[in-house]
Every structure is written in C-alpha cells, then in structure tokens.
Amino acid sequence: MTGSRTTSDPATRAARRVVLALGIPILLVLAVLFAMPFMAGNETTLQVDGHVPAEPGTERGGVHFSGTVHQWAVSGSLAIDADRQTRLSFRLRGPDGSPPRQAMQVPITFTMPGHDMEVTVTAHQTGPDSFAARSSLPMSGDWQMRMTFSDVDGVLSFDTRG
C-alpha cells in the first residue's frame, strides 16, 4: 500500500520558492497594469501655456491653456474682467487634426474648491473648430473649469483675484 507523501525533497521546495518569489510580483504588476485604466478616472489636467495680461476688458487677467481631453486637442484662453465676467474661447481638433464633423455644444462647469459654488454654462460653436462661452463668477478666488467631452473632463485651475 502506498502512503501519501508528506515531505518533499529540497530541490522541489526550492523550485516552489523561486516560482512564488518570481510569480507573485509578476502577477501583482500585471494586475496593477490591467487596473490602471479603471483607476485613472475620467479627468485630464489642462496645461496653462501663459497668462492673459491685465488690461482694459481683462482687468483680472486670465490664462491661455491647452491639452488633450478624450480624443480632442484643446487650446484656448479664459479672460476675466473687473466684474468677474469670464470669457472663454477655445479650439478643438480631432485625432486626425480635423475639426468636429458635426455641430457640438460643450458643457462647462466652474467650481470653487472648498466652497459650495458651481456655475454651469454651455460653450457654443462659433466656427468649424471654434467655441465660446461667457459666465459670471460670484466671487474672487481660486476656481476650476471643467469642460466635458464624452464623460471625460478637462480641468483647468485659475485665479480671479487679478
């Protein structure tokens, strides 16, 4: 009668340790790489490319910005006057460099971090690849603009203190 084997030889145990020592980290790395697109969120930070100077009509200045949101290359400017009236204009280009193929409206939300303030407007198409919107912001301070394309937000932080 053959009994169950309760001890394994040292070579087998060493091989199991090597497999575990190498296999577990590899599996963890693969799991993280697989999960990253799901953890990354649906948010892209737009880059500030420069500042809009404070002058008549843009007393509080503003910013020029650019970035890629979803499939769109976005570039534009946000200018703020003395009464916190914000003028937003931007251009959109698709992955092949062409403008949108059909008329679009882009939802824009301005939020003030740390406050319960939100202003929502819609940017309307003013040309084949050009869009514009205006908004009034209720108070001075740090704000964020979110432009939404297919459930992906492009986020731009800016200051209205001038």
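That block above? That's the structure.
Keep in mind that this is a model prediction, so the values were computed, not measured.

### Here's the deal with a nonpolar patch on the surface
At step 1: Among the surface-exposed residues, Val18, Leu22, Ile26, Leu27 and Leu30 lie close enough to one another that they form a single nonpolar patch of about 510 Å² accessible area.
At step 2: Among the structural elements, Leu27 can be located in helix 1 (residues 10–39).

### Side note on the pattern of salt bridges
At step 1: Applying the stated criterion across every chain yields a total of five salt bridges.
At step 2: The closest approach of N and O atoms between Glu43 and Arg146, which form a salt bridge, is 2.8 Å. Taken together, the positions of Glu43 in strand 1 (residues 43–45) and Arg146 in strand 9 (residues 142–149) put the pair 103 residues apart, joining distant regions of the chain.
At step 3: You can call Glu43 partly exposed: its relative accessible area is 46%.
At step 4: Each of Glu43, Arg146 and Asp153 takes part in a single network of salt bridges with overlapping partners.

### Description of the side chain of Asp81
At step 1: The topology assignment puts Asp81 in the loop between strand 4 (72–80) and strand 5 (85–93).
At step 2: Buried within the structure, Asp81 lacks any salt-bridge partner; Arg87 is the closest side chain of opposite charge, at an N-O distance of 5.2 Å.
At step 3: For Asp81, the side chain forms a polar contact with the main-chain nitrogen of Asp83, separated by 2.9 Å.
At step 4: The residues touching Asp81, leaving out its near neighbours within four places in the chain, are Gly57, Thr58, Glu59 and Arg60.

Cut-off values and rules
- Numbering of residues starts from 1 in each chain and follows the order in which that chain's sequence is written.
- With the structure being a predicted model, the display of local features is reserved for residues of pLDDT at least 70 and the display and counting of side-chain atom pairs for 80 or more, all residues being used for whole-chain, interface and lining totals.
- Based on all heavy atoms of the structure, the side-chain values leave hydrogens and waters out of the count.
- Residues enter patches when their relative accessible area tops 30% and they take part in no salt bridge; the joining distance is 9 Å for like charges and 5 Å for the nonpolar side chains Val, Leu, Ile, Met, Phe, Trp and Tyr.
- Computed by Shrake-Rupley with a 1.4 Å probe, the accessible areas treat only the displayed protein chains as cover when residues are assessed.
- One side-chain nitrogen of Lys or Arg within 4 Å of one carboxyl oxygen of Asp or Glu is enough to make a salt bridge.
- Numbering goes from the N terminus for both helices and strands, where a helix is a DSSP run of H or I of at least four residues and a strand is a run of E of at least two.
- Buried residues are those whose accessible area, probed at 1.4 Å on protein chains only, stays under 20% of the maximum for their type, while exposed residues exceed 50% and partly exposed ones sit between those limits.
- Neither His nor the chain termini are counted; the positive set is Lys and Arg, and the negative set is Asp and Glu.
- Throughout this description, a polar contact denotes any pair of N or O atoms lying within 3.5 Å of each other; where both atoms belong to protein, one of them has to be capable of donating a hydrogen while the other can accept it, and for residues adjacent in sequence the pair is counted only when both atoms sit in side chains.
- A contact between two residues is defined here by any heavy atoms of the two lying within 4.5 Å.

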